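The residues making up each chain are set out below.
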Amino acid sequence: MGNVQAFHFDDRCRKLPSTIHSGQAEFSLKHDRRRRSGLVHFPRSMEEDPARLRPVVFCFHGAAGHAQQMADLSQLASTADIEDFICVFPNGTGQSECQKRFLTWNVGPEENPCKASKVDDVGFFVAMLDRFQSHWPIDASRVYVTGFSNGAAMCYRLASDPVASQRIAAIAPVSGVALCPGLFHPTRAMPILHIHSKDDPLVLYDGGKPKSTCLNRKPRDYPAAHDVLAKWVRHNNGLPDDEAILKPAPLGTHREAVIGQLKHTSDHMMWPAHNNCGDIEHIVLSGAGHQWPSASGSALPRWLERYCGPPTTIVDANTEIWQFCKRFALPDEDGMLTSKGKQATLDESEHEALPAYADIEPLL
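Residues numbered from 1 in each chain as written. Predicted model: local features only at pLDDT ≥ 70, side-chain atom pairs only at ≥ 80, totals over all residues. Heavy atoms only, no water.

1. Quick word on the overall build of the chain
Turning to step 1, where the next piece is worked out: When helices and strands are tallied, the chain shows eight helices and 16 strands.
Turning to step 2, where the next piece is worked out: Counting the 364 residues in the chain, one finds 54% classified as buried.
Turning to step 3, where the next piece is worked out: Across the chain, every contact between residues at least 6 apart in sequence was considered, and the portion connecting residues at least 24 apart equals 62%.
Turning to step 4, where the next piece is worked out: A total accessible area of about 17000 Å² is found for the chain, and carbon and sulfur atoms account for 50% of it. (Helix = DSSP H or I, 4+ residues; strand = E, 2+ residues; numbered from the N terminus. Buried < 20%, exposed > 50% of the residue type's maximum accessible area, 1.4 Å probe, protein only. Contact = heavy atoms within 4.5 Å. Areas by Shrake-Rupley, 256 points an atom, 1.4 Å probe, with all protein chains shown as cover.)

2. What to know about the nonpolar core
Turning to step 1, where the next piece is worked out: Core analysis: the largest hydrophobic core is formed by 56 residues, its most contacted members being Phe58, Phe125 and Trp136.
Turning to step 2, where the next piece is worked out: The dominant element in this core, judged by the number of residues it contributes, is helix α3 (residues 121–135), at eight residues.
Turning to step 3, where the next piece is worked out: Listed in part, the 37 residues of the second largest apolar core include Ala169, Ala172, Ile314 and Ala317. (Core = buried A, V, L, I, M, F, W, Y, C linked by side-chain atoms within 4.5 Å.)

3. Focus on the pattern of salt bridges
Turning to step 1, where the next piece is worked out: Throughout the structure, instances matching the rule amount to 12 salt bridges.
Turning to step 2, where the next piece is worked out: For Arg131, the salt bridge goes to Asp10, with nearest N and O atoms at 2.9 Å. Of the two residues, Arg131 sits in helix α3 while Asp10 sits in the loop between β1 (5–8) and β2 (23–31), which places them 121 residues apart along the sequence.
Turning to step 3, where the next piece is worked out: A salt bridge links Arg44 to Asp81, with the nearest nitrogen and oxygen atoms 3.4 Å apart. Residue Arg44 is found in the loop between β3 (34–42) and β4 (54–60), and its partner Asp81 is found in helix α2 (residues 76–83); the two are separated by 37 residues along the sequence.
Turning to step 4, where the next piece is worked out: Since its relative accessible area comes to 60%, Arg44 is described here as exposed.
Turning to step 5, where the next piece is worked out: Judged by relative accessible area, which is 21%, Asp81 ranks as partly exposed.
Turning to step 6, where the next piece is worked out: Salt bridges sharing partners connect three or more residues here, namely Asp49, Arg52, Arg54 and Asp84. (Salt bridge = Lys/Arg side-chain N within 4 Å of Asp/Glu carboxyl O.)

Laid out in structure tokens, this is it:
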């Protein structure tokens, strides 16, 4: 690791690299009296065209994970090389600053397994973005956030924050839900792709307490995935909290496959927003456990399957996340969702394939 490029922001004793090389690099910065860190992957095209502005995807690890573990699990860097975006894998915090491999995110009061509830992770995200935009060629209108499990909850926490939500064009949580409804203060409609298995044994799809957990003896009571999405559907469409929402429209085809002697399925659906800038899509899996779906076969360590359930290759989370996120960008000065002169919403041909919003049956 001695040849890995490193960017130590806010450190007077170390100069920042004058050039950026493709591949993985380390970064650190000081925020809230803590030295925070993580990894960044610069796409291969950086060598040929280092000045061109690129989208950035923040990928948050799950509880008891860390930046390198999330990079290995998601394999998102490979997608970044193909699609030409910058990928950031931040590190959470632990019970002590000496813990570098059992980290978590503070997604709200009393929701942090490591009890680091005073850690300002929302501020850390904003601080990262400020430093990165000052030193790296980042397109500020195309900042995306994804994460796994506790990292998925961090996606929702950022989208619900009145400051952070203004910096994010779309989120894509995987195998996790929003945990703090009292902190729901978004300032704009947020495009969301939510990927979750009905057979997730840890973050239960229908809500409630799991039978067991590999992190603590007292598992929490999770909200149902549909209830979390319904809250955002109402927000994105300006509906009252008590109004019934519509059933999602089918998007794509139903998939089935036998993986490891188990039947796995995938269904893709969406709640279109009236203004086309706050669409919410949902990929519902079955057969898979608490995993990051991957066509490459990457998964959590085998011994964790006892708690997390089996992995799946029925869909590739990286492909689905990027195909969704790249459609959206933050509004320009005129309030239009645009990116390099192109409207960052669904193409007209895609709209024609969807049923009219008013024709979708209400879900009581």
